Amino acid sequence: MTIGGWRGLLQGREGELLLDLVFVFVLTRFSQRLIEDFTTDRQVVLPEVGQTVLLLLALWMIWVHAAWVTSRVDPRQPATQLLIVWTMFGSMIIAVTLPHAFGARGLLFAITYVAVQAGKPIILLIARRDIERHNPLRHLCWAALSAVPWIAGAALFPQSPARGALWTVAIALDYAALVFGWPVPGLGRTGSEDWRLAGEHLAERYQQLIVITIGETILLTGATFADEFTPDRVAPTVLSFATAVLMWRIYFHRAGAVFSAAVEVAPRPDRLGRSGYYTQLVIVTGVLAAGVGYALVIREPGGHGDPLWLAVVLGGPALFLAGRSRMEYEVFARVSPSRVVGLVALAAVAPALMYRVPLFAAAAATIILTVVAVWDAAREHRNPEEAPSPPP
């Protein structure tokens, strides 16, 4: 640090990196909840998996909203630093509540989520930052609106399907605000110029989050292998690590590396910025699901062959490739054949692996991703340079 004391803390974008490290813990807790869905005696149908998906959407909203807000303000200002610290602490509390968010810790989860989302604009309003564009007040209005079903669902309906229904309404309101630019009568909404200003920063934040998500899968792999160090776990552990490396390689091949430049030259940066929210969510979900799938295989390499495990062992890489294909289209207005072949191959092998030992499915997914990565490398060798050209 070049400046001592509190004013030297979290200079530049170091605070965002620290927030991402907190999200390693958050994602690990989320993965543990998903593993529980697939290994307990409960039947894994919509009640359990649907709840987990809703929680993932809430986590994504916390992270992506923080990324948007910090793209609009000076990271060296005390208000920005306080905002990041506030989000970090709230995210840590949310991570603690995750396994029992639809049970005994539901009220704490909801209160913390609302406090994080409403606290960020309140901090900016008190500090009088970004007031000229009314962003904090608009964000606060929408946070207050969604707070009603969040708190009501937790306080009035403990362990009831009604909680899930109200929380679905709440998360829908949060995403509607994101989609439409937090519109408020008399205060306007987020415009194209706002997206252009934030676009490069958001693209860099996406890259950082993908790295920590892949890192979380490696952490999960190592922790699962360490639980019981036996020879039959070596092969799935190697496959899991190889898959993490392959996803990193595939993501950053061309489109992933120049996404920020694509935002700068896009005819409609607002459209690319908005679609990036959903594209990156699909990619993150795929990486997390793949990590959970391989963790299940490491735990039971010669397991019972539960067909539901294919939803994550093969479905995770498929989601990753689907999201990566969409990102490639957003950056280059095309989709490489390797992505399509990979998706078709994952779908084709699924029926044959339905009741096989889970290790076979893990090996098949790794082999398919290897083919995609090698195909990408061959194309890059033939055509080493390619400038982004987003669709009109």
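Our structure's up above, just so we're on the same page.
In what follows, the accompanying structure is described. All figures in this text were calculated on a predicted structure; none of them were measured in a lab.

### Looking at the overall build of the chain
Part 1 of the argument: Helix and strand counts for the chain stand at 14 helices and zero strands.
Part 2 of the argument: Starting at the N terminus and walking to the C terminus, you meet the elements of the chain as α-α-α-α-α-α-α-α-α-α-α-α-α-α.
Part 3 of the argument: Taking the intrachain contacts of the chain between residues at least 6 apart in sequence as the baseline, contacts between residues at least 24 apart amount to 80%.
Part 4 of the argument: Accessible area of the chain: about 16,500 Å², with a carbon and sulfur share of 69%.

### Some remarks on a nonpolar patch on the surface
Part 1 of the argument: Together, Val211, Ile218, Phe241, Val245 and Trp248 make up an exposed nonpolar region whose accessible area comes to about 440 Å².
Part 2 of the argument: Elements with a minimum of two residues in the nonpolar patch: helix 7 (192–227) and helix 8 (234–252).
Part 3 of the argument: Sort the elements by how many residues they give to the nonpolar patch and helix 8 lands first, with three residues.
Part 4 of the argument: Its place among the elements puts Val211 in helix 7.
Part 5 of the argument: Among the residues examined, Val211 registers a relative accessible area of 43% and is labelled partly exposed.

### Concerning empty space enclosed by the protein
Part 1 of the argument: Going through the model one piece at a time under the given rule, you end up with six cavities of 30 Å³ or more.
Part 2 of the argument: The volume enclosed by the largest cavity comes to roughly 90 Å³.
Part 3 of the argument: Taken together, Met61, His65, Gln117, His139, Trp142, Ala143, Ser146, Leu173, Asp174, Ala177 and Trp182 form the lining of the largest cavity.
Part 4 of the argument: Elements represented by at least two residues in the lining of the largest cavity include exactly helix 2 (46–70), helix 5 (135–156) and helix 6 (161–180).
Part 5 of the argument: Looking at the lining of the largest cavity, the element that brings in the most residues is helix 5, giving four residues.
Part 6 of the argument: Here the lining of the largest cavity is built from residues that sort into six nonpolar, four polar and one charged.

### Describing helix 5
Helical geometry note: an α-helix holds 3.6 residues per turn, so side chains three or four residues apart project in the same direction.
Part 1 of the argument: Its 22 residues place the ends of helix 5 32 Å apart at the C-alpha level, agreeing with the 32 Å of an ideal helix rising 1.5 Å per residue.
Part 2 of the argument: If you check which residues of helix 5 are buried, you get Asn135, Pro136, Arg138, His139, Trp142, Ala143, Ser146, Ala147, Pro149, Trp150, Gly153 and Ala154.

### Section: the layout of surface pockets
Part 1 of the argument: Roughly 270 Å³ of internal volume is contained in the largest pocket.
Part 2 of the argument: If you trace the largest pocket, you find 17 residues lining it, with Leu34, Val49, Val53, Thr285 and Ala289 closest to the centre.
Part 3 of the argument: Put simply, the parts of the chain that give the lining of the largest pocket at least two residues each are helix 1 (14–39), helix 2, helix 10 (269–299), helix 11 (310–313) and helix 12 (315–332).
Part 4 of the argument: For the lining of the largest pocket, the element with the most residues is helix 2, which contributes four residues.
Part 5 of the argument: Class assignment of the residues belonging to the lining of the largest pocket gives a composition of 13 nonpolar, four polar and no charged.

### As for the packing of helix 8 against helix 12
Part 1 of the argument: The interhelical angle for the contact between helix 8 and helix 12, taken along N-to-C directions, is 15 degrees, at an axis separation of 10 Å. Relative to helix 12, the element helix 8 is oriented roughly parallel. By crossing handedness, the relation of helix 8 to helix 12 is classed as right-handed. Residues Met247, Ile250 and Tyr251 of helix 8 lie in contact with helix 12, whose contacting residues are Phe320, Leu321, Arg324 and Met327.

Criteria and cut-off values
- Residues numbered from 1 in each chain as written.
- Predicted model: local features only at pLDDT ≥ 70, side-chain atom pairs only at ≥ 80, totals over all residues.
- Heavy atoms only, no water.
- Helix = DSSP H or I, 4+ residues; strand = E, 2+ residues; numbered from the N terminus.
- Contact = heavy atoms within 4.5 Å.
- Areas by Shrake-Rupley, 256 points an atom, 1.4 Å probe, with all protein chains shown as cover.
- Patch = residues over 30% accessible without salt bridge, like charges linked within 9 Å, V, L, I, M, F, W, Y side chains within 5 Å.
- Salt bridge = Lys/Arg side-chain N within 4 Å of Asp/Glu carboxyl O.
- Buried < 20%, exposed > 50% of the residue type's maximum accessible area, 1.4 Å probe, protein only.
- 1 Å grid on protein atoms, 1.4 Å probe; cavity = no way out; pocket = protein on both sides within 12 Å on 5 of 7 lines; lining within 4 Å.
- Points joined across faces, edges and corners; volume = space filled by probe spheres on them.
- Nonpolar A, V, L, I, M, F, W, Y, C, P; charged D, E, K, R; others polar.
- Expected span 1.5 Å × (residues − 1).
- Axes fitted to C-alpha atoms, helices over the stretch in contact; angles between N-to-C directions.
- Parallel < 35°, antiparallel > 145°, perpendicular 65-115°, else oblique.
- Left-handed = near helix turned anticlockwise from the far one by under 90°.

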